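Coordinate analysis (summary)
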Amino acid sequence: MLKFTRHARKQMVARGISANEVDEAIRMGLKSLQDDGTMLTVHKYYKVVYKKEGEDHIIITVMLR
């Protein structure tokens, strides 16, 4: 399940990125583990930073490439 921080939601609206696109990035994007333990996934024209907690993906931020 995807859970979005308030910051992530604001960034998605500002950048025109949908929840479906975030889901697609997590499923299909190129992933790398960051020093702080979060994951960065790059897909199409955007990047998603998230962390996994059990079955949930906590979306921290979304940005353009």
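Our subject is the structure listed above.
Residue positions are given per chain, counted from 1 along the sequence in the order it is written. Local features in a predicted model are, by the rule used here, given only for residues with pLDDT of at least 70; side-chain atom pairs are given and counted only at 80 or more, and totals for whole chains, interfaces and linings are based on all residues. Excluding hydrogens and water, the side-chain values take into account all heavy atoms of the structure.

**Some remarks on unusual backbone geometry**
Residues other than glycine seldom take positive phi values, yet Lys44 does so here, at roughly 50 degrees. Strands here are runs of E lasting at least two residues and helices are runs of H or I lasting at least four, both read from the DSSP assignment and numbered beginning at the N terminus. Within the element layout of this structure, Lys44 appears in the loop between β3 (39-43) and β4 (46-53).

**Here we look at helix α2 (residues 19-28)**
Only protein chains enter the accessibility calculation, which uses a 1.4 Å probe; a residue whose area is less than 20% of its type maximum is buried, one above 50% is exposed, and one in between is partly exposed. Every buried residue of α2 is listed here: Val22, Glu24, Ala25 and Ile26. For this analysis, residues touch if any pair of their heavy atoms sits within 4.5 Å. Packed against the buried residues of α2 are β1 (2-4), α1 (6-15), β2 (30-33), β3, β4 and β5 (56-64).

**Points about the sheet that holds β5**
The pairing criterion is simple: DSSP has to find at least two bridges between the two strands. Spatially, β1-β5-β4-β3-β2 is the arrangement adopted by the five strands of the open sheet, whose pairing is mixed. Here the strands that pair on one side only, and so sit at the sheet edges, are β1 and β2. On average, each strand axis in the sheet is tilted by 35 degrees relative to the strand beside it, whichever way the strands run. Contacting β1 and β5, α1 crosses the sheet at an angle of about 40 degrees to β5. Contacting β1, β2, β3, β4 and β5, α2 runs over the sheet at an angle of about 75 degrees to β4. Helix axes are fitted to C-alpha atoms over the stretch in contact, other axes to C-alpha atoms as well, and angles between N-to-C directions run from 0 to 180 degrees.

**Comments concerning the nonpolar core**
One recurring pattern in soluble globular proteins: nonpolar side chains tend to sit buried together. Here, nonpolar core refers to any group of buried Ala, Val, Leu, Ile, Met, Phe, Trp, Tyr and Cys residues whose side-chain atoms link them within 4.5 Å. Listed in full, the twelve residues of the largest apolar core are Phe4, Ala8, Met12, Ile17, Val22, Ala25, Ile26, Tyr46, Val48, Tyr50, Ile59 and Val62. Contributions of two or more residues to this core are made by α1, α2, β4 and β5. What Met12 contacts, discounting residues up to four positions off in sequence, is Phe4, Ile17, Ser18, Ala19, Val22 and Val62.

**Brief notes about the pattern of salt bridges**
For this analysis, a salt bridge means a side-chain nitrogen from Lys or Arg found within 4 Å of a carboxyl oxygen belonging to Asp or Glu. If you walk through the whole model with that rule in mind, you get four salt bridges. Where Lys44 meets Glu24, a salt bridge forms, and the shortest distance between an N and an O atom there is 3.0 Å. Residue Lys44 is located in the loop between β3 and β4, and its partner Glu24 is located in helix α2; the two are separated by 20 residues in the primary sequence. For Glu53, the salt bridge identified is with Lys51, shortest N-O distance 3.6 Å.

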